[in-house]
Structure formats: structure tokens, C-alpha cells
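# Structure assessment
Here are the chains, one letter per residue:
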Amino acid sequence: MRLAIRDKLTHALNGWVSRKFNSALCSSPFSWTKVQKMITPPCETPKQASIGRLFAVGIDVGCEKCSISVLRPDKTVVIKPLEFTNDAQGYAFVLTKLESLGVIPAQITIGLEATGRYWENLYHYLARLGYNLILLHPVQTHQFAQRRGLRAKTDALDAGTIARVVLSDEARPAYVPGDLVATYRELVRLHSNLADEIGRYRNEIHALLFVIFPEYTQVFADPCRPTALSLYPSRQAIAEVPIGILSAKLIELSNGHYGLKTAERLLTLSKKSASSGLASNARAHGLVILCDQLLHTQANLEILESEIAQLLQKDEAAKKLAEIPEFGPKTIAGLRAELGEVGRFTNCNQVVAYAGLDLTVKESGKWKGKVKLSKRGSGRLRRLLYMVALVSLRLKVSAFGDYYRELRKRGMNGRSALMAVMRKMLITAYSLLKNDSTFDPKKVWIGAKFVAKELPLVAQVA
């Protein structure tokens, strides 16, 4: 009797497994994961069943050379760390090693560390072949290695560590931008770098001009304006130039704004200058080079601003952000570059955490630390929001400025209120992009007034 019941149950179970297996094979698209879960022995744990027969690959990316290491789910080494070049020949070598594992690309998960731009070509090369890819932030791998107690750091060890991070439940994939966001990032970050370079050149010119011709600023309040830069700012040279030639040069450079009176004043000051004259020739040549570098960088910055303006005009998401009066073109381009595609966020809390504007506190027993910003997200995004928040406070009509003043009335200190304005700006931008809604200042603060932008997006770029 018992044997008959057991045979019937076995027959029924085999039929159920066969039907499920055939349905998985016929499903579209074909999924090896479903099949592996069905044929996994009951003795395996859920984690082993989810891993299946995958291989974990860790690649430590460098400028010229990379290292690869392959592990099984039980962390046994399949391929010891090998070195390959970061070019087409090296990619072909990696492909032969991966194909030698004898499984389809979907059963291999590859982790790469986001090292500068050096990972990008290899990442997209492997993605086109169908491999599962995880881009890891260097902080993740560094903290994971510290917990393992590793005291040495080599490329071979890093490749193995990355593979172990992939096998763990701690791997948090970094964001890989698409073509539009990547274009924004290149243009905006280069614009920021050039703007910083301009500031450095201006400071060096001011410092050098102070010892060469300290009275020069009595004539030109801003010695870095085009006319002042184009005029050779050497005390000895100006003192030796005839007043007629100097006057004609000033008229040419300034389109008639400066003339004979300015030339006479320059000659008078050059003859009574307090300059020591020490290393005058070397300093004069250095000043000419700095002035040329500044003018060249400013010209390149104008080219970048024109390209950003053209990109903004074609971007529908940028037009949504343009509804916020406090957001200018540079702010919008910066948000599109650093925030990226908002579809990857499920709620506004994730956006706040991505920007590092979430709060963190440390407590131990009776000791309680101060509540601070985590600052674990994008520093560029925080800097951008900080500058825009400061500008909103100076505007006569601003929903965010009114929100700041309301928080101050409630007793919040200035720094905390400013951080709250930054979060409010970020959440507002996220809401406009995510929900395709229109900007309503009443949602920022109930007592805010609506002010529409008068200038078009492109006209505000300069």
C-alpha cells in the first residue's frame, strides 16, 4: 500500500517538474536562471540556488594595464590573477579567458572598479557581448579589503578583492551614464575646470602686477579686462613709449573708450612708481604669458558655453528644469550632468542620499554626536545646489528664499535652513523630471509668489 502511494506521488511530481521545465524552455526570452532554479537539488540553500553556476570575475583597471581574477561561488580560484593591456589586444585576451570557462556570458558576472575614465572602454566592450557587469566605487573595494584584514595592496590582490565583492551581498553598482548625460558631464566638468583655471590666472596676474607696476590698478580697476591685458603692463616699457603711440594703442584696444587722458596718467604713474625693479624682465615676460593664457582660456570657455546652450535647447528634460526661476542654464546643465537619469531612483530619499544631503548621527551609550550631513554623494552636485541656494536668498521674489526665511522664523539656524533649501531644490528638480509635472512655487512654500522667467534659455548662458 505504501509503495503504491509513493509510486503515484513520484509519478505526479515528475510530471509537474517536466511541465514546468518545458514551460521555462518555451518562455520568451529564454532564461537559464529559471531552469537552474528548477533543477537545483533540494539540499542547496536559497543563496546557492540564486547563484547557480555563475562565475565571479574581478578586473582591476589601470591606465595601461589591468588584472583579472575569476572565482567560483564557493570562492575557489578558477583563474589566478593575470595581467593584460588596456587596449583591443588585451580585450581579446580577456575574451578568450572568459570563453574558456565554458558557459554563456549571462552566467558570468564581472566587477570593475571605477578608476577615472580607464574602465569605460572595457566596460562597454564586455556589455555588448552580453556579460553581467557591476561597476564598483573604489570606496567599496577599499572598505571590503580592510574588513578582510589585507595589509598589502597590489593589482593582483585588488582583482581578487573585486571578485569577492561581486560574490558578496554588498556589491552596490555605480551609475553608468548614457550618451546624453555623459556629454553633459564632459562639457560641464570641463567648463568648471576652465573657470577654476581663469580664477587662478587672475590671482597670479594680480600678484605679479603688484610688484611690477603697483599703480596700474589706479588706471584699470580690473587689470584682467581685455584692454588692460592687451596693453603691455610693464612700468619701464610704458615709461619709454611716446605718449602719441600709447594713446593710439589705447584707442585701438578699447574702441575709443580710453585715449589721451588715460595715456598721460599711465606715463605719470610709471615714472613715479614704487616698483623695486627687481627681475623686471623675467617678471614682465611671465606676465605676458599669463595674460595670453587667460585670454585663450576665456575664449575656450565661451566656446564651451555655446555648446552647452545648443545641448540644452535639444533636451526636453532641461526645458522642464527651466521652469524654476532660480535655475539658470549653467545650473540646469550641472543638474543634468551630475544627477543623471532620475528614472533609476524610486523615491526622493534616494536622490537626497545620492547628493549626500541626508542626515547622519553617531551615538554610543550616553554620548550623542551632532547631526550632520553624510556628504557621501556627489560633491559637485552639493556645490552646485549650495551656490544656487545662496543666490535665491538675495532675490526679492523667490519661493526658495521665502522658504528659507520661514525656517529662520521658526528658530532654525542659518546653516541648517540653507541645507533645507538645497534639499528642497533637489527634490523639486527630481519631481519635475520624474513625474513630468510643472513647477508650482506653492509646493515649495505655501506663501510663495509665482514669477515666470522672462528670458529664453539660450539668452541666459553668458
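Per chain, residue numbering runs from 1 following the sequence as it is written. Given that this is a predicted model, residues contribute local features only at a pLDDT of at least 70 and side-chain atom pairs are listed and counted only at 80 or more, while totals for whole chains, interfaces and linings are drawn from all residues. As a convention, hydrogens and water are excluded, and side-chain values are obtained from all of the structure's heavy atoms.

### Some points on the environment of Ile 162
Helix numbering and strand numbering both begin at the N terminus, where a helix is a DSSP run of H or I of at least 4 residues and a strand a DSSP run of E of at least 2. With respect to the secondary-structure elements, Ile 162 resides in helix 7 (residues 155-167). Along the sequence, Ile 162 and Leu 112 sit 50 residues apart, while their C-alpha atoms lie 7.1 Å from each other. Residues in contact with Ile 162, not counting those within four places in the same chain, are Gly 58, Ile 59, Asp 60, Gly 111, Leu 112, Glu 113, Leu 136 and Thr 141. The contact rule is simple, with two residues in contact once any of their heavy atoms fall within 4.5 Å.

### Remarks on the sheet that holds strand 5 (residues 132-136)
In this analysis, strands are considered paired if DSSP registers two or more bridges between them. Spatially, 5 strands are ordered 3-2-1-4-5 in an open sheet, and the strand pairing comes out mixed. Looking along the sheet, the strands with just one partner apiece sit at the ends: strand 3 (77-85) and strand 5. Direction aside, neighbouring strands of the sheet carry axes that sit 20° apart on average. With 6 bridges connecting them, strand 2 (residues 65-71) and strand 3 associate as antiparallel partners. Think of each axis as a best-fit line through the C-alpha atoms, taken over the contacting stretch in the case of a helix, with angles from 0 to 180 degrees between the N-to-C directions.

### Comments concerning the UniProt feature "coiled-coil region" (unreviewed entry) in the protein chain
UniProt positions are given in the numbering used here, feature names are shortened, and annotations may be inferred rather than shown by experiment. UniProt's entry tags residues 294-321 with the feature "coiled-coil region" (unreviewed entry), counted in the numbering of this structure. Annotated as 96% helix and 0% strand, the span residues 294-321 places its first and last C-alpha atoms 32 Å apart.

### Concerning the layout of surface pockets
Put simply, the largest pocket is a space of about 1500 Å³. If you trace the largest pocket, you find 37 residues lining it, with His 137, Ala 174, Tyr 175, Tyr 354 and Arg 376 closest to the centre. Elements supplying a minimum of two residues to the lining of the largest pocket: helix 5 (120-128), helix 6 (138-147), helix 8 (179-212), helix 16 (348-354) and helix 17 (379-394). Broken down by element, the residue count for the lining of the largest pocket peaks at 5 residues, all from helix 8. Gly falls in the polar group here, along with every residue not listed as nonpolar (Ala, Val, Leu, Ile, Met, Phe, Trp, Tyr, Cys, Pro) or charged (Asp, Glu, Lys, Arg). Each residue belonging to the lining of the largest pocket can be placed in one class, and the counts come to 14 nonpolar, 11 polar and 12 charged. Think of a 1 Å grid over just the protein atoms. A cavity is a set of points where a 1.4 Å probe fits yet cannot get out, a pocket is an open set with protein on both sides within 12 Å along at least five of seven lines, and lining residues have an atom within 4 Å of a point. Grid points are joined across faces, edges and corners, and a volume is the space filled by probe spheres set on the points.

### As for helix 18 (residues 399-409)
Summary of the burial criterion: residues with accessible area below 20% of their type's maximum are buried, those above 50% are exposed, and those between are partly exposed, where the area comes from a 1.4 Å probe applied to protein chains only. Burial runs high along helix 18: 8 of the 11 residues are buried. Three or more residues of helix 18 are buried, namely Ala 399, Phe 400, Gly 401, Asp 402, Tyr 403, Tyr 404, Glu 406 and Leu 407. Residues of helix 18 that are buried sit in contact with helix 17, helix 19 (414-435) and helix 20 (441-444). The first or second residue beyond helix 18 is Gly 411, which carries a positive phi of 105°.

### Digging into the nonpolar core
Counting 77 residues, the largest nonpolar core has Tyr 216, Phe 220 and Leu 266 as the members making the most contacts within it. For this core, the element with the most residues is helix 19, which contributes 12 residues. Beyond its immediate sequence surroundings of up to four residues, Leu 266 is in contact with Phe 213, Tyr 216, Val 219, Phe 220, Leu 231, Ile 238, Leu 246 and Leu 250. Within this scheme, the nonpolar core is defined by two criteria: the residues are buried Ala, Val, Leu, Ile, Met, Phe, Trp, Tyr or Cys, and they are joined through side-chain atoms within 4.5 Å. Core analysis: the second largest hydrophobic core is formed by 24 residues, Val 70, Leu 101, Ile 108 and Tyr 131 among them.

### Observations regarding the packing of helix 8 against helix 13 (residues 280-314)
Running from N to C, helix 8 and helix 13 cross one another at 155°; their axes reach a closest spacing of 9 Å. Put simply, helix 8 runs roughly antiparallel to helix 13. Here helix 8 runs over helix 13; the crossing is left-handed. A per-class count over the contact of helix 8 with helix 13 returns 24 nonpolar, 7 polar and 6 charged. Small angles under 35 degrees read as roughly parallel and large ones over 145 as roughly antiparallel, with 65 to 115 read as roughly perpendicular and the rest as oblique. For any helix crossing, the convention is left-handed if the near helix is rotated counterclockwise from the far helix by under a right angle, and right-handed if that rotation is clockwise.

### Digging into the pattern of salt bridges
Criterion for a salt bridge: a side-chain nitrogen of Lys or Arg within 4 Å of a carboxyl oxygen of Asp or Glu. By the definition in use, this model includes 15 salt bridges. Close ionic contact of Glu 186 with Arg 117 constitutes a salt bridge, the shortest N to O distance being 3.1 Å. Residue Glu 186 is located in helix 8, and its partner Arg 117 is located in the loop between strand 4 (108-113) and helix 5; the two are separated by 69 residues in the primary sequence. A salt bridge links Lys 330 to Glu 305; its shortest N-O distance comes to 3.5 Å. Taken together, the residues span a long stretch of sequence, with Lys 330 in helix 15 (residues 329-339) and Glu 305 in helix 13 at a distance of 25 residues.

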